[in-house]
Amino acid sequence: MSTDVSGIPEAAETIRYRHADDVWSAAVDLLDQTLLPETLSRLICETPGQLHDAIRRLVVRGAPAIGIAAAYGVTLTRVDSRADAAAVRSRYLETIDYLATSRPTAVNLFWALDRMKAVVQSVEDAELEMLPNRLADEAIRIHEDDRAMCRSIGINGAPLLQGCQNVLTHCNAGGLATSTLGTALAPIYHLHENGTTLHVYADETRPLLQGARLTAWELSQAGIPVTVCTDSMAGGLMKAGNVDAVIVGADRIAANGDAANKIGTYPLAILAHYHHIPFYVAAPTNTFDMALASGDLIPIEQRDPAEVTQPGGPSGRTTVPASAKVTNPAFDVTPAELITAIITERGVIQTPNQANVAEVLNA
Ligand SMILES: CSC[C@H]1O[C@H](OP(=O)(O)O)[C@H](O)[C@@H]1O
């Protein structure tokens with residue numbers, strides 16, 4: 001078993017998992033995305049509580065990355081070696097349930113934790129001492145599976161962007177949001193690696209500026225031309241003919257193809273529809289929640305209003321004193337009829353609807 005599974009190459013390396021022969025000394029080593037792009041700093045999590053806080057604060061963020069980090073977080077559980085089998089299982093299941101409370105919208109978190117729960121529930125009492133290493137192996141597999149999914153999304157999405165010169169994206173659905181390459185950015189990286197370099201407009205994405213801070217940073221690191229625009233500029237850019245396609249990630253996609261993504265995605269889809277510009281969603285199949293019939297049922301995370309009123313921290317207030325009501329939903333839902341295609345690792349779902357989503361998901 002490798003002792004150091006790093007994340008994406010180059011500067012980001014979002015997630016590393018470190019453990020010696022004794023997996024009890026495990027640690028999850030995260031690139032602290034709250035400090036980018038000014039500071040490249042890593043945060044070491046040695047307990048599930050530290051990992052939960054890191055997800056909650058968006059130290060690590062992005063649906064697939066949240067799932068990978070939470071899977072590693074399960075291995076940080078401390079168990080009394082004298083405990084009986086039921087007590088050991090119970091401790092791990094408590095950690096899994098606790099990590100599931102970190103953020104509500106990205107279904108990849110729950111998909112990854114369910115895979116870890118299956119390992120806890122399947123181990124025989126007589127093999128209990130193997131459980132820590134089996135959990136570490138499963139978390140590493142989740143990480144490796146995501147690398148393969150990102151590469152496939154890049155390959156499957158590239159033909160849709162071939163011929164485009166300018167692509168607009170929202171938030172960050174790149175390597176920083178996944179194991180490597182990303183989802184929305186994966187086709188752009190794939191084309192770049194194969195000699196076709198697009199120009200990318202990166203919506204700054206208020207209030208936490210994942211586009212300005214993260215997408216612009218990682219594309220610049222990769223040598224891909226990127227222009228940061230405020231969220232309010234997207235319509236004017238499309239009207240001027242400066243956008244050939246829009247491609248975004250997703251945090252949860254319902255069975256009918258409705259997709260939840262960072263707040264501000266839905267207005268982009270409306271604008272793209274009005275301007276007859278293709279609007280693509282790129283996501284692995286573990287982002288689909290087939291138990292939800294439509295996007296209206298997707299839980300939307302409500303975050304601290306201070307992220308809106310004080311983006312620069314206590315000294316950077318942008319609006320009236322705290323007494324003013326402020327809303328801060330982290331996501332919105334784009335109806336399937338506004339989505340040209342959903343790009344997955346298994347293929348492209350053109351004109352998504354319940355039937356063709358099921359065809360790909362159940363293949
Ligand atoms: C590849 S999933 C990326 C997805 O997650 C982001 O949300 P957050 O930064 O709050 O984790 C955003 O919705 C991205 O599209």
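Note: the structure precedes this text.
First, a word on scope: everything that follows refers to the structure included in this document. Computed from a prediction, not measured in an experiment: that's the story for all the values here.

Points about helix α11 (residues 354–361)
- Three or more residues of α11 are buried, namely Asn356, Val357, Val360 and Leu361. Viewed end-on, α11 has its buried residues packed into an arc of 135°, placing them on one side of the element. Across from the buried face of α11, at angles greater than 90 degrees, the exposed residues are Gln354, Ala355 and Glu359.
- Summarising the contacts, the buried residues of α11 are in contact with β12 (288–289), β14 (341–344) and β15 (347–350).

A word on the site of the ligand
- If you check the shell around the ligand, you find 18 residues, and the closest are Arg61, Arg103, Asp251, Asn261 and Lys262.
- Within the side chain of Arg103, an N or O atom sits 2.7 Å from an oxygen atom of the ligand.
- Taking Asn261, its side chain carries an N or O atom lying 2.5 Å from an oxygen atom of the ligand.
- If the ligand stood free it would expose 410 Å²; the protein chains cover 100% of that surface.
- The set of elements that each furnish at least two residues to the shell around the ligand consists of α2 (63–74) and β10 (259–262).
- Tallied by class, the residues present in the shell around the ligand amount to 8 nonpolar, 6 polar and 4 charged.
- Of the domains in this structure, domain 1 (10–146) and domain 2 (157–361) are the two that each give at least three residues to the shell around the ligand.

Here is what the cut-offs are and how they apply
Residues numbered from 1 in each chain as written. Predicted model: local features only at pLDDT ≥ 70, side-chain atom pairs only at ≥ 80, totals over all residues. Heavy atoms only, no water. Buried < 20%, exposed > 50% of the residue type's maximum accessible area, 1.4 Å probe, protein only. Helix = DSSP H or I, 4+ residues; strand = E, 2+ residues; numbered from the N terminus. Arc of directions from axis to C-beta. Contact = heavy atoms within 4.5 Å. Near = heavy atom within 4 Å. Polar contact = N/O pair within 3.5 Å; in protein donor to acceptor, adjacent residues only side chain to side chain. Areas by Shrake-Rupley, 256 points an atom, 1.4 Å probe, with all protein chains shown as cover. Nonpolar A, V, L, I, M, F, W, Y, C, P; charged D, E, K, R; others polar. Domains from an automatic or database assignment.

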